[in-house]
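This is what each chain is made of:
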Amino acid sequence: MDWEKFLDPYRQAVEELKIKLKGLRRQFEIRGTHSAIEFVTGRVKPVPSILDKLKQKNLTLDQVEDLYDIAGVRIMCQFVDDIKQVVHLLRNRNDFEVVEEKDYISNKKESGYRSYHMIIRYPVQTIYGKKTVLAEIQIRTLAMNFWATIEHSLNYKYNGQFPDDIQFRLKRAAEAAFLLDEEMSLIREEIREAQVVFSNKKES
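The structure contained in this document is the topic of the report that follows. (Residues numbered from 1 in each chain as written. Predicted model: local features only at pLDDT ≥ 70, side-chain atom pairs only at ≥ 80, totals over all residues. Heavy atoms only, no water.)

1. Focus on the layout of surface pockets
Line of reasoning, step 1. Considering only enclosed or pocket space, the largest pocket measures out at about 1,200 Å³ in volume.
Line of reasoning, step 2. Sorting the residues of the lining of the largest pocket by element identifies strand S1 (39-44), helix H2 (47-56), strand S2 (71-77), strand S5 (129-141) and helix H4 (142-158) as the ones contributing at least two each.
Line of reasoning, step 3. Sort the elements by how many residues they give to the lining of the largest pocket and H4 lands first, with six residues.
Line of reasoning, step 4. Residues that form the lining of the largest pocket fall into these classes: seven nonpolar, 13 polar and 12 charged. (1 Å grid on protein atoms, 1.4 Å probe; cavity = no way out; pocket = protein on both sides within 12 Å on 5 of 7 lines; lining within 4 Å. Points joined across faces, edges and corners; volume = space filled by probe spheres on them. Helix = DSSP H or I, 4+ residues; strand = E, 2+ residues; numbered from the N terminus. Nonpolar A, V, L, I, M, F, W, Y, C, P; charged D, E, K, R; others polar.)

This is the structure we're talking about:
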């Protein structure tokens, strides 16, 4: 397997998606309205992680293109309502096809994980012609992302087998993060107004 050649369309997909999604944020700013997108990040899964994923799913190397998260883009939002707006915007785009959606906000995982996932087919133009790759877009609030980042790090340390006390505290932390999101949603208009005032002062 020539990994460099294989992964290149995925890298291109991530970079193009980041540019396009950051463009959405800029359009909100130009309109002078609250941006549903706080910031965007992306990555291509490293080869060892791809091989681990194939093993977990009992797939062979010939089935590697069936993995939907080799290319991953993450959209961070301030409020839970922003996630709904971003999902709506992505569903209505014609530069990629949404093939599956996973709502881990309304239906959180057992661990406490919350996020909204969209699996897409994204066409990349290469010197060999069009190559369509699968990619995953994760949309979450800043609080959800903080929890997920910590849980991901601990998952590596414990190889998914968390001690009971760590698992208990992670679940409590997940609920605390969700409560933070709920409380912030209740005062989101005041927060947005304050951010506009702050932004205008910076520019003056």
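Okay, back to it.
2. Thoughts on the side chain of Arg140
Line of reasoning, step 1. Within the fold, Arg140 resides in strand S5.
Line of reasoning, step 2. Summary of buried charges: Arg140 has no salt-bridge partner, and the nearest side chain of opposite charge, Glu136, is 7.3 Å away.
Line of reasoning, step 3. There is a polar contact of 2.7 Å between the side chain of Arg140 and the side chain of Tyr113.
Line of reasoning, step 4. In contact with Arg140, other than residues within four places in its own chain, are Arg74, Ile75, Met76, Cys77, Ile83, Tyr113, Ser115, Asn145 and Ala148. (Buried < 20%, exposed > 50% of the residue type's maximum accessible area, 1.4 Å probe, protein only. Lys, Arg positive; Asp, Glu negative; His and termini not counted. Salt bridge = Lys/Arg side-chain N within 4 Å of Asp/Glu carboxyl O. Polar contact = N/O pair within 3.5 Å; in protein donor to acceptor, adjacent residues only side chain to side chain. Contact = heavy atoms within 4.5 Å.)

3. Things to note about helix H5 (residues 164-186)
Line of reasoning, step 1. The terminal C-alpha atoms of H5 lie 33 Å apart, and with 23 residues this matches the ideal 33 Å at 1.5 Å per residue to within 8%.
Line of reasoning, step 2. Within the span of H5, buried status applies to Leu170, Ala174, Ala177, Phe178, Asp181 and Ser185. (Expected span 1.5 Å × (residues − 1).)

4. A short note on the environment of Leu24
Line of reasoning, step 1. Mapped onto the secondary structure, Leu24 falls in helix H1 (residues 3-31).
Line of reasoning, step 2. With 114 residues separating them along the chain, Leu24 and Gln138 place their C-alpha atoms 16 Å apart.
Line of reasoning, step 3. Discounting chain neighbours no more than four positions away, the residues touching Leu24 are Ile37 and Arg93.

5. Observations concerning the packing of aromatic side chains
Each aromatic ring pair is described using two quantities: the centre-to-centre distance and the angle formed by the ring planes.
Line of reasoning, step 1. Applying the stated criterion across every chain yields a total of four aromatic pairs.
Line of reasoning, step 2. Aromatic side chains Tyr113 and Trp147 sit 6.5 Å apart centroid to centroid with 55° between the ring planes, which places their arrangement in the tilted category. Of the two residues, Tyr113 is situated in the loop between strand S3 (97-103) and strand S4 (116-126) and Trp147 in helix H4; the sequence distance between them amounts to 34 residues.
Line of reasoning, step 3. The exposure class assigned to Tyr113 is buried, which follows from its relative accessible area of 9%.
Line of reasoning, step 4. Its relative accessible area of 6% is what places Trp147 among the buried residues. (Phe/Tyr/Trp six-rings, centres within 6.5 Å; stacked < 30°, edge-to-face > 60°.)

6. Side note on empty space enclosed by the protein
Line of reasoning, step 1. This model, assessed by the stated rule, comprises one cavity of 30 Å³ or more.
Line of reasoning, step 2. In this structure, the largest cavity occupies an estimated 50 Å³ of space.
Line of reasoning, step 3. Lining of the largest cavity is provided by Gly112, Arg114, Met144, Trp147, Ala174, Ala177 and Phe178.
Line of reasoning, step 4. Every element with two or more residues in the lining of the largest cavity is listed here: H4 and H5.
Line of reasoning, step 5. Take the lining of the largest cavity: its biggest share by element is three residues, from H5.
Line of reasoning, step 6. Per-class residue counts for the lining of the largest cavity are five nonpolar, one polar and one charged.

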